[in-house]
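Architecture at a glance
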Amino acid sequence: MATFLNPYLHFEGVARDAITFYASVFGGEPSVMTYGEMGMDGPDAGKVMHSQLDRRDVGVQVMASDYLPGMGADSLPANGMLSLSGDDGDLLRGWWDALADGGEVHEPLSVKPWGDEFGQVQDRFGVIWVMNIAAAG
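Calculation criteria
- Residues numbered from 1 in each chain as written.
- Predicted model: local features only at pLDDT ≥ 70, side-chain atom pairs only at ≥ 80, totals over all residues.
- Heavy atoms only, no water.
- Buried < 20%, exposed > 50% of the residue type's maximum accessible area, 1.4 Å probe, protein only.
- Helix = DSSP H or I, 4+ residues; strand = E, 2+ residues; numbered from the N terminus.
- Pairing = 2+ DSSP bridges.
- Polar contact = N/O pair within 3.5 Å; in protein donor to acceptor, adjacent residues only side chain to side chain.
- Contact = heavy atoms within 4.5 Å.
- Core = buried A, V, L, I, M, F, W, Y, C linked by side-chain atoms within 4.5 Å.
- Expected span 1.5 Å × (residues − 1).
- Arc of directions from axis to C-beta.

Further remarks concern the pairing of strand β4 (residues 60-66). The buried fraction of β4 amounts to 7 of the 7 residues, a majority that puts the element mostly inside the structure. The alternating pattern of β4 places V60, V62, A64 and D66 and Q61, M63 and S65 on opposite faces, both of which are buried. The antiparallel pairing of strand β3 (residues 48-55) with β4 creates a hairpin that spans 4 residues between the two strands, and G59 there sits at a positive phi of about 85°.

Here it is as structure tokens:
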């Protein structure tokens, strides 16, 4: 797997509809994971924790999720969020360290329930980066 950069979009309860729409535009079949599938209970368990449309064959990959209460658009910087993904752990961890230098780690880079390393950092310019390092296997 190559290392790549892609947009990560956030919605208020319509991420499933949005990623389905993007699939109708760009082709492919989106994957969707809910908060409930990751162990959350309650009224927001059916919201999208992570969805992904992977059409790297044509240069398109889009990720999307739903905000939870208290995580509205005002909680993200105006200049948005970017995602770095791949399986080159050394390269990506080096980038993580560089992005975190002078910035703020929101979620430490660590192994998550889906098996990959994941973290979130805000760089010194206010840009939020999420990083996913694919599990070896």
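Now for the side chain of S85. Assignment of secondary structure puts S85 in strand β5 (residues 81-86). Judged by relative accessible area, which is 6%, S85 ranks as buried. Here S83 takes part through its side chain, which lies 3.5 Å from a polar atom of the side chain of S85. Not counting residues up to four positions away in its chain, the partners in contact with S85 are A2, T3, F4, N6, M63, L92 and N132.

Another aspect to go through is the nonpolar core. Grouped together as the largest cluster of nonpolar side chains are 11 residues: L84, L92, W96, L99, A100, L109, V121, V127, W129, M131 and I133. When residues of this core are traced back to their parent elements, those giving at least two are α2 (89-100) and β8 (128-133). The greatest single-element share of this core, amounting to 4 residues, is contributed by α2.

In a regular helix each residue adds 1.5 Å, so 12 residues correspond to 16 Å; helix α1 (residues 15-26) covers 16 Å between its end C-alpha atoms and thus fits that length. Among all positions of α1, only A15, A18, I19 and A23 are buried. Each buried residue of α1 lies within a common arc of 140° when the element is viewed along its axis, so the set occupies one face. For α1, the exposed residues lying more than 90 degrees away from the buried face are D17 and S24. Phi turns positive, to about 85°, at G27, one or two residues after α1.

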